[in-house]
Amino acid sequence: MDEVIQVTQWLSSITPRKKAKLFFFTTHADAPSPMVGSNDVDTHEETQLPLATTVALHNFKNIDEFLKKKVNTFSCYNVIENEITKTDYEYLRFYSACKYLDVVPPFLDLEKISAIQNKFEMTDEERDYRLLLDSADLVLEKVCDSLKPAGVSQMWTALRKDRNLIRGVETIDIIGFFVDPNPTGIKECLFFFIVRFLQKADKINRVNTNRLERLIAQCDESSSCEEGKTIDFIIDSLRFYPTELYPFGFCLIMCVIEGRDGAMQEIEKTMEISRHLGMITHTEKNPTKETIELVKKELMKPKYQFYSSFTCWFMSHGDSNSMVLADGETIEREWFLTSFPDISTFQLKPKVFFMVSCRGANKFSLKGDEFEGQSATCDYYDIGSALIRNRMLDITDSVRDISYVQPMMDTLVAYSTILDHLSGRANTHGSIYVDRACVLMSEDISRGRSLTEILEHLSQDLHEILQETMDEDRIVYKQACHYDSFFRKTLKLPYTRHPKEDVHSAPQ
């Protein structure tokens, strides 16, 4: 059959709503750069104009033309070995979006997709189409699905009132002030236009969504939300790090085995829990400084831009400032922690470090039976009242910026013990901290909970355990763990869990 006819038939089989979503996912706002074939030219016309004209004219002609052009480009594209191009990236995004929406063109060359994945050096696990979807876009899709046409129309009205933001923007004028978003697919086009416009204007990104939240907050709940949804529910969904679908992220496990009883148990536990949570995992036994440098270099490869999060377990002996490597050399803990968050492939994504080592020799020792675990509560200050808010600074958009980010932002570092203190271990099972952390994260009660909530539970659980030194003094002591957070959103553990057999049978 003629290819033109095939493309036409394929487009006619897609509903308007799915066309809008396919366009949105395909024009992903955070494509990696610099890349071969990318000249960093503003793609305003490509990403916004088809949406604007579709909303204004109530027909999908321009979106259809865009999708036809994509298909034709991929049809004529010759995969060049070794060199990753912008088209490679777009091809994978297009394929994953089609797979997700169940609209894969029957004529799409899957061998080319496999060849592109080879260029990205993807493993079998990484060839799962869900890895290629952008989790931030999936969250925005859910937000759109939670709003009625009237809600998106109210967002548009609120956006149009910000004259400083929309001044001189041609696509804004194409749509006009009053919009009828009720025809099928038009609501989606208008919402996705608002999102892409705010992204191009550097007002929102995958972490900074305050501007979008403010638009949604101005909607009238009774007329703007789909059944069962509320404005608070919709806004809350934007306040979590986007880690939708499988995999939950990439997990790096580094463990010094030499001189550490139970170290293999630590590896097995951390591998099991990371896979249970839906992470793709890599293990380095007995790491040296050279190993760490090689791993950092590996993580800078383009394929890691597809991951939604990064987790690292580092298990070794240590003292207050440093950690002991397999060859007896030491590295500064601070150097390790500051070198990984700066890796560009994981910018604006949550990065979690579990640092499991002693940080000194001190012990919180117990003398007698009178010492029992104590719990403490905090006072929370309500700053929501109008009286207090009226005394707060009025921070205008002119003094806000989301373009430049401190490298440590979006990073959480969890320590197995506090400064200058021991980190306990069992001879056969390794680190007690690792054991309790893996147990708590594997329990059903942790499904959908925030990581910090689990870490707080871990702190309580660990501090209840009486430990004993293995020397002749046999001192009974307690261990206290803690974490430092630079998070700007909440990181939730996935609700769906992945038994070993499920992980390896994931859809391609």
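Cut-offs used in this document
Residues numbered from 1 in each chain as written. Predicted model: local features only at pLDDT ≥ 70, side-chain atom pairs only at ≥ 80, totals over all residues. Heavy atoms only, no water. Core = buried A, V, L, I, M, F, W, Y, C linked by side-chain atoms within 4.5 Å. Buried < 20%, exposed > 50% of the residue type's maximum accessible area, 1.4 Å probe, protein only. Helix = DSSP H or I, 4+ residues; strand = E, 2+ residues; numbered from the N terminus. Domains from an automatic or database assignment. Contact = heavy atoms within 4.5 Å. Pairing = 2+ DSSP bridges. Axes fitted to C-alpha atoms, helices over the stretch in contact; angles between N-to-C directions. Expected span 1.5 Å × (residues − 1). Parallel < 35°, antiparallel > 145°, perpendicular 65-115°, else oblique. Left-handed = near helix turned anticlockwise from the far one by under 90°. 1 Å grid on protein atoms, 1.4 Å probe; cavity = no way out; pocket = protein on both sides within 12 Å on 5 of 7 lines; lining within 4 Å. Points joined across faces, edges and corners; volume = space filled by probe spheres on them. Nonpolar A, V, L, I, M, F, W, Y, C, P; charged D, E, K, R; others polar.

The name an unreviewed UniProt entry assigns to the protein chain is Caspase, from the organism Penaeus japonicus.

Chemist: Describe the nonpolar core, with residues and values.
Modeler: A general trend in soluble globular proteins is that nonpolar side chains are found buried together. Core analysis: the biggest nonpolar cluster contains 101 residues, and Trp10, Phe191, Phe336 and Phe340 have the highest contact counts within it. Broken down by element, this core gets its largest block of residues, ten residues, from helix H13 (residues 186-200). When residues of this core are assigned to domains, at least three map to each of domain 1 (1-28 + 44-239) and domain 2 (249-365 + 406-486). Once residues within four sequence positions are removed from consideration, Phe336 is found in contact with Met254, Ile292, Cys312, Phe314, Met323, Ile331, Phe353 and Met355.

Chemist: Summarise the sheet that holds strand S1 (residues 249-255); cite the residues concerned and give the values.
Modeler: The pairing of strands in a sheet comes from backbone hydrogen bonds and takes either a parallel or an antiparallel form. Across the sheet, six strands lie side by side as S2-S1-S3-S6-S8-S13; this open sheet has mixed pairing. Whereas interior strands pair on both sides, the edge strands pair on one side only; in this sheet they are strand S2 (279-285) and strand S13 (482-485). Averaged over all adjacent pairs, the angle separating strand axes in this sheet is 15°, with direction ignored. With six bridges joining them, S1 and strand S3 (residues 310-315) adopt parallel strand pairing. Looking at the pairing, Cys255 lines up with Met315 of S3. Packing against the sheet, helix H18 (residues 289-299) makes contact with S1, S2 and S3, and its axis sits at approximately 175° to S1.

Chemist: So what's going on with helix H6 (residues 86-101)? Residues and values would help.
Modeler: Across its 16 residues, H6 extends 23 Å between first and last C-alpha, which sits within 8% of the 22 Å expected from 1.5 Å per residue. Of all the 16 residues making up H6, 13 are buried; the element is thus mostly covered by neighbouring parts of the structure.

Chemist: Describe in detail the pairing of strand S6 (residues 351-356), supporting the description with residues and values.
Modeler: Sheet faces and side chains relate simply in a regular strand, where the side chains alternate between the two faces. Burial within S6 is extensive, with six of its six residues counted as buried. Residues Lys351, Phe353 and Met355 point to one face of S6 and Val352, Phe354 and Val356 to the other, with burial holding for every one of them. Across six bridges, the pairing between S3 and S6 is parallel. Within S6, the residue paired with Phe310 across the bridge is Lys351. With five bridges connecting them, S6 and strand S8 (residues 411-415) associate as parallel partners. Residue pairing across strands places Lys351 opposite Thr411, the latter belonging to S8.

Chemist: Explain the packing of helix H2 (residues 16-26) against helix H9 (residues 135-146) to me, using residue names and the numbers behind them.
Modeler: Their axes nearest at 11 Å, the elements H2 and H9 cross at an angle of 150°. As far as their axial angle goes, H9 and H2 are roughly antiparallel. Crossing of H2 over H9 shows right-handed handedness. Together, Arg17, Lys21, Phe24 and Phe25 of H2 and Asp137, Leu138, Leu140, Glu141 and Asp145 of H9 make up the contact between the two elements.

Chemist: Mind laying out the side chain of Arg211, listing which residues take part and the relevant values?
Modeler: Its location among the elements puts Arg211 in helix H14 (residues 210-217). Excluding residues within four positions of it along the chain, Arg211 makes contact with Asp162, Leu165, Leu198, Lys203, Ile204 and Asp397.

Chemist: Any details on the pairing of S8? Residues and values, ideally.
Modeler: Within S8, five of the five residues are buried, which leaves it mostly tucked inside the rest of the structure. Residues of S8 alternate between two faces, with Thr411, Val413 and Tyr415 on one and Leu412 and Ala414 on the opposite face, all of them buried.

Chemist: Talk me through the packing of helix H1 (residues 3-12) against helix H5 (residues 61-76); I want residue IDs and the actual numbers.
Modeler: It is at 11 Å that the axes of H1 and H5 come closest, and there the two elements cross at 135°. As far as their axial angle goes, H5 and H1 are oblique. Of the two possible hands of crossing, H1 and H5 adopt the one that is right-handed. Residues Glu3, Val7, Trp10 and Leu11 of H1 pack against Asp64, Leu67, Lys68, Val71, Asn72 and Ser75 of H5.

Chemist: Tell me about the environment of Ile235, and please be specific about residues and values.
Modeler: Residue placement: Ile235 occurs in helix H16 (residues 231-237). In this structure, the C-alpha to C-alpha distance between Ile235 and Leu212, residues 23 residues apart in sequence, is 8.8 Å.

Chemist: Residue-level account of the layout of surface pockets, with values.
Modeler: Approximately 670 Å³ is the volume attributed to the second largest pocket. Surrounding the second largest pocket, 24 residues form its lining, Lys142, Thr243, Glu244, Lys492 and Tyr495 being those nearest its centre. If one sorts the elements of the lining of the second largest pocket by residue count, H9 sits on top with four residues. Residues belonging to the lining of the second largest pocket are distributed by class as follows: twelve nonpolar, six polar and six charged.

Chemist: Describe empty space enclosed by the protein, with residues and values.
Modeler: For the structure shown, the criterion picks out five cavities of 30 Å³ or more. The calculated volume of the second largest cavity comes to roughly 90 Å³. What lines the second largest cavity is a set of 14 residues, among which Leu277, Met279, Thr311, Phe354 and Met441 lie closest to the centre. Contributions of two or more residues to the lining of the second largest cavity are made by helix H17 (263-276), S3 and S6. Among the residues forming the lining of the second largest cavity, the class breakdown is twelve nonpolar, two polar and no charged.

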